[in-house]
Amino acid sequence: MVENNKTHTAVSQSKGANLDHVSCGCGVIYLVGWALNGRDGCNTIEVFFHKNGLHEPLLVPIVLQKRPDVIKHFSLPEESLVGFSVQVSLSNYDISSLPPGQYTVVIRATGSDHSIFEKNVGAINIIWPANIQSIGSSREARKSWAPKRQGLLQKIWYGRLGSDEMAREIYYKTEVTTGNIIEATHMISSGNPMATVISDSPTLKIASLLKSASNNNGLIVILDHNFGGGANVFSKQTIDNSCHNHNVILRVWYDPNISKLSGAVYYNSERCNISVGEINILFQLLVLFPSHCLQINNLYTWPYIESVLDNIVRLRIFNYTKRLEFFGHDHIGICPSMFLLNENGIYCGVPENVNICQNCLQRNSDSFKVFYKQEDVTAWREAWRSVLLNSDYIRFFSQATYNEYIKAFPSLTKSLNVVVKGHKVKALGNNKVEKSEVDGITRIGIFGFLGPHKGSRVVLQLAESISNKNLPIQIHVFGTIDGISKANRGALTIHGPYDCMNMVKIWNENHLDFSFVPSICPETFSLVTAELLNIKAKVVTFNLGAQAELVNKHDLAMVIPLPHEKPVLNSILDVINIWK
């Protein structure tokens, strides 16, 4: 806000400038302020950082904004753009020419008469990585991440086991671990004779592959989950394409069952599983093997996620990866409740008032939030903002998802690195669904594995309402409902898992009339909806997310109000009447 004790002079002179908010997180400088020069506001606003020893001040890009409080206070024209924000990714600057320390912030405003008003508005500390889990130089990283416990790995780390005995132990190890890969790399670099024959040693073979790929700009790192679904389909496609181009891929995921990271190295048509272990040793490995590209495919269930994001950004800033890519398979960057369901289990719409999010987050018991203890939504988004601002490529799989993200991160609208591009949907054959026989019964098909966010409760309640009213409607679920794979009660039949390649056959054999996609959360792409539309099936979805975006493009499809807006049975009866 405008500070009254500093603005009386500015009122008389129609000149002034101030910073309202300053922060410098990992890899990102964030400023909010205002400036004016003259009764019309100002023609241009510029923000500079000065530091002793720098020959030229650092000019940072700004985004102009309206500031109603400033406009009102100085009686300026309503259209005046006197406010600004700065969101700077430090990965855009050469670190060697940007030494750490305190920088003076100067705002320069040019008036309509071309006069210039400058004001020193304070200082900001740009501190390069200093905490124990941060990436600085390779030497600093190795020192910071040295294992704390005694044993073989510590001896490897400090070089106290470089003998032939150690080499033989590494050579004959059948399990490939990150610790052994690191030691095997040292063996290769030191010219150990045992390292020249790699064909019989899985560890040496993987170390050699990673070292060669890193040196030749051909190593791709994918950080992922391992729970299936569209995110894993996409990472598999990435791996297949990358292997086809003779790259080496290191894919790592967190396994909550063992509280450790697991991984695999892919090359040509081969795969080798590796035991990654703790998160700190993963970053140790990524420092040892700088990558061409690091992809954040999906970090669901990863612990210490804000520290993980912080270190990912540092990898990019310090050039341990030449390219950072983010894929929006869910809304986790916006909120730990990644399906955007509030404490009442209802789609929240990403409120403008962050206090609503804050209060919800503290009460939200969504099962998908159990892995994240963070209850400060601002801190959560700041961590993800750093990643987004430092990413060289950001891909959303629907316009709907992009729209949700820009509610939380408005600066994405200015980013040239954002792409909206859907998944490649597998062709399900040339056959199309047949029109159902007219026998007075309406048969609704539901495809997929339904949990609460995918509408399991909606389907169960709909089936119960149909049975209670004895309506001529049947619901056929091909998949599961809350883990149940077989059931036949009342209006509901659960058939169990299905093969999408048989979707047309399933549709025709069960004489389905239309399909219902019951997700109560905004899908980021909705593969099932896309597949159904591809076989010319009639589809009904709720009016939100990528599912509605896909449906709205087709004549033989329809959106209905969300369950809390109108009873689902009433909406389904409306659909049946329209499609009679």
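As a convention, each chain's residues are numbered from 1 in the sequence order in which they are written. For this predicted model, a pLDDT threshold of at least 70 governs which residues receive local features, and a threshold of 80 or more governs which side-chain atom pairs are given and counted, while totals over whole chains, interfaces and linings are taken from all residues. Only hydrogens and water are set aside when side-chain values are computed; all heavy atoms of the structure are taken into account.

A. Structural context of the overall build of the protein. Where helices and strands are cited, they refer to DSSP runs of H or I of at least four residues and of E of at least two residues respectively, numbered from the N terminus. Looking only at helices and strands, the protein has 18 helices and 23 strands in total. Across the 580 residues of the protein, 53% fall into the buried class. Residue contacts are defined here by distance: any two heavy atoms, one from each residue, within 4.5 Å place the two residues in contact. Of all intrachain contacts in the protein linking residues separated by at least 6 positions in sequence, the fraction that spans at least 24 positions is 64%. For the protein, the accessible surface area stands at approximately 27,100 Å², while carbon and sulfur atoms represent 49% of it. The rule is simple: take the accessible area with a 1.4 Å probe, protein chains only, and divide by the maximum for that residue type; under 20% is buried, over 50% is exposed, in between is partly exposed. In this description, accessible areas are obtained by the Shrake-Rupley approach with a 1.4 Å probe, and a residue is regarded as covered only by the protein chains that are shown.

B. Focus on the nonpolar core. Nonpolar cores were defined as sets of buried Ala, Val, Leu, Ile, Met, Phe, Trp, Tyr and Cys residues, with membership established by side-chain atoms within 4.5 Å. Core analysis: the biggest nonpolar cluster contains 128 residues, and Phe49, Ile312 and Phe516 have the highest contact counts within it. Not counting residues up to four positions away in its chain, the partners in contact with Ile312 are Leu223, Phe283, Leu294, Ile296, Leu299 and Leu324. Counting 25 residues, the second-largest nonpolar core is a separate cluster that includes Phe478, Leu512, Leu533 and Val551.

C. Layout of helix H8 (residues 229-244). The end-to-end C-alpha separation of H8 is 23 Å, in line with the 22 Å expected for 16 residues at 1.5 Å each. Of all the positions in H8, only Ala231, Asn232, Phe234, Ser235, Thr238, Ile239, Ser242 and Cys243 are classed as buried. In a view along the axis of H8, the buried residues occupy a sector of 165 degrees, so they form one face of it. Exposed residues on H8 whose side chains face more than 90 degrees from its buried face are Lys236 and His244. Taken from the residues just after H8, His246 is the one with a positive phi, measuring 65 degrees. The span one expects for a helix is its residue count, reduced by one, times 1.5 Å. Relevant arc is that of directions from the helix axis to the C-beta atoms, nothing else.

D. The arrangement of the pairing of strand E22 (residues 539-542) in detail. Side chains of E22 alternate between two faces, with Val539 and Thr541 and Val540 and Phe542 buried alike. Pairing between strand E21 (residues 514-517) and E22: three bridges, direction parallel. Bridge pairing in E22 places Phe516 opposite Val540. For the handedness criterion, the strands are oriented away from the viewer, and a crossover whose path from the first strand over the helix to the second runs clockwise is classed as right-handed. Crossover E21 to E22 through helix H16 (residues 527-534) is right-handed. In this sheet, strand E23 (residues 557-560) lies alongside E22 in parallel orientation, the contact comprising four bridges. Following the sheet pairing, Phe542 is matched in E23 by Ile560. In this analysis, strands are considered paired if DSSP registers two or more bridges between them.

E. Quick look at the sheet that holds strand E17 (residues 442-450). A sheet is described by the order of its strands in space; here seven strands give the open sequence E19-E20-E18-E17-E21-E22-E23, paired in mixed fashion. In the strand order of this sheet, the two ends are held by strand E19 (487-489) and E23, each with one partner. On average, adjacent strands in this sheet sit at an angle of 20 degrees to one another, irrespective of strand direction. For every element, the axis is a line fit to its C-alpha atoms; helices are fit only across the contacting stretch, and the angle between N-to-C directions ranges from 0 to 180 degrees. Its contacts with the sheet place helix H14 (residues 456-468) against E17, strand E18 (473-481), E19, strand E20 (492-494), E21 and E22, and it is angled at close to 155 degrees to E18.

F. Seen up close, the pattern of salt bridges. For salt bridges, the criterion is a side-chain nitrogen of Lys or Arg within 4 Å of an Asp or Glu carboxyl oxygen. If you walk through the whole model with that rule in mind, you get 16 salt bridges. Notably, a salt bridge pairs Glu46 with Arg108, separated by 3.6 Å at the nearest N-O pair. Of this pair, Glu46 sits in strand E3 (residues 44-50) while Arg108 sits in strand E7 (residues 101-110); the two residues are 62 residues apart in sequence, bridging distant segments of the chain. Since its relative accessible area comes to 25%, Glu46 is described here as partly exposed. On the basis of relative accessible area, Arg108 is assigned to the partly exposed category, the value being 24%. One continuous salt-bridge network, built from bridges that share partners, spans Asp20, Arg67 and Asp69.

G. Representation of helix H18 (residues 568-578) in the model. Of all the positions in H18, only Val568, Leu569, Ser571, Ile572, Val575 and Ile576 are classed as buried. The arc enclosing the buried residues of H18, seen along the axis, measures out at 160 degrees, which places them on a common side. Looking at the buried side of H18, the elements it contacts are E17, H14, E18, E21, E22 and E23.

H. Quick peek at the packing of aromatic side chains. Classification of ring pairs uses Phe, Tyr and Trp, with its six-membered ring standing for Trp, and accepts pairs whose centres are within 6.5 Å; under 30 degrees between planes counts as stacked, over 60 as edge-to-face, and the remaining range as tilted. Counted under the stated rule, the structure contains 17 aromatic pairs. With a centroid separation of 6.4 Å and 45 degrees between ring planes, the pair formed by Trp380 and Trp384 is classed as tilted. Placement of the pair is Trp380 and Trp384 together in helix H12 (residues 377-390), with a separation of four residues, close to one helical turn. Across the pair, Trp384 and Trp380 agree in class, each one buried.

I. Region of interest: the sheet that holds strand E16 (residues 418-420). The strand order across the open sheet built from eight strands is E12-E11-E10-E9-E13-E14-E15-E16, with neighbouring strands paired in mixed fashion. What marks the edges here is a single partner per strand, and that holds for strand E12 (270-277) and E16. Strand-to-strand, the axes of this sheet are offset by a mean angle of 20 degrees, without reference to chain direction. In the sheet, strand E11 (residues 260-267) pairs with E12 via seven bridges, with the strands oriented antiparallel. The partner of Gly263 across the bridge, within E12, is Ile274.

J. Focus on the confidence of the model for the protein. For the protein, the mean per-residue pLDDT works out to 85, and 86% of the residues sit at or above 70. Summary of the metric used: pLDDT quantifies the predictor's per-residue confidence within the range 0 to 100. Overall, residues 1-12 carries pLDDT values under 50, and its contacts beyond four positions in sequence, including any with other chains, amount to 20 contacts. Below pLDDT 50 for its whole length, residues 129-163 participates in 63 contacts with residues either more than four positions away or in separate chains.

K. View of the side chain of Thr541. Along the chain, the position of Thr541 falls in strand E22. Thr541 has contacts with Val517, Thr529, Gln547, Ala548, Val551, Met558, Val559 and Ile560, leaving out every residue within four places of it along the chain.

L. Spatial organisation of the packing of helix H11 (residues 354-363) against H12. One way to put it is that H11 packs onto H12 with a least axis distance of 9 Å and a crossing angle of 105 degrees. In terms of axis orientation, H11 runs roughly perpendicular to H12. Judged by residue contacts, Val354, Cys357, Gln358 and Leu361 of H11 engage Val377, Thr378 and Arg381 from H12. Any residue outside Ala, Val, Leu, Ile, Met, Phe, Trp, Tyr, Cys, Pro, Asp, Glu, Lys and Arg is labelled polar, Gly included; the first ten of those are nonpolar and the last four are charged. Residue classes in the contact of H11 with H12 are distributed as four nonpolar, two polar and one charged. Roughly parallel here means an angle under 35 degrees, roughly antiparallel means over 145, roughly perpendicular means 65 to 115, and every remaining angle is called oblique.

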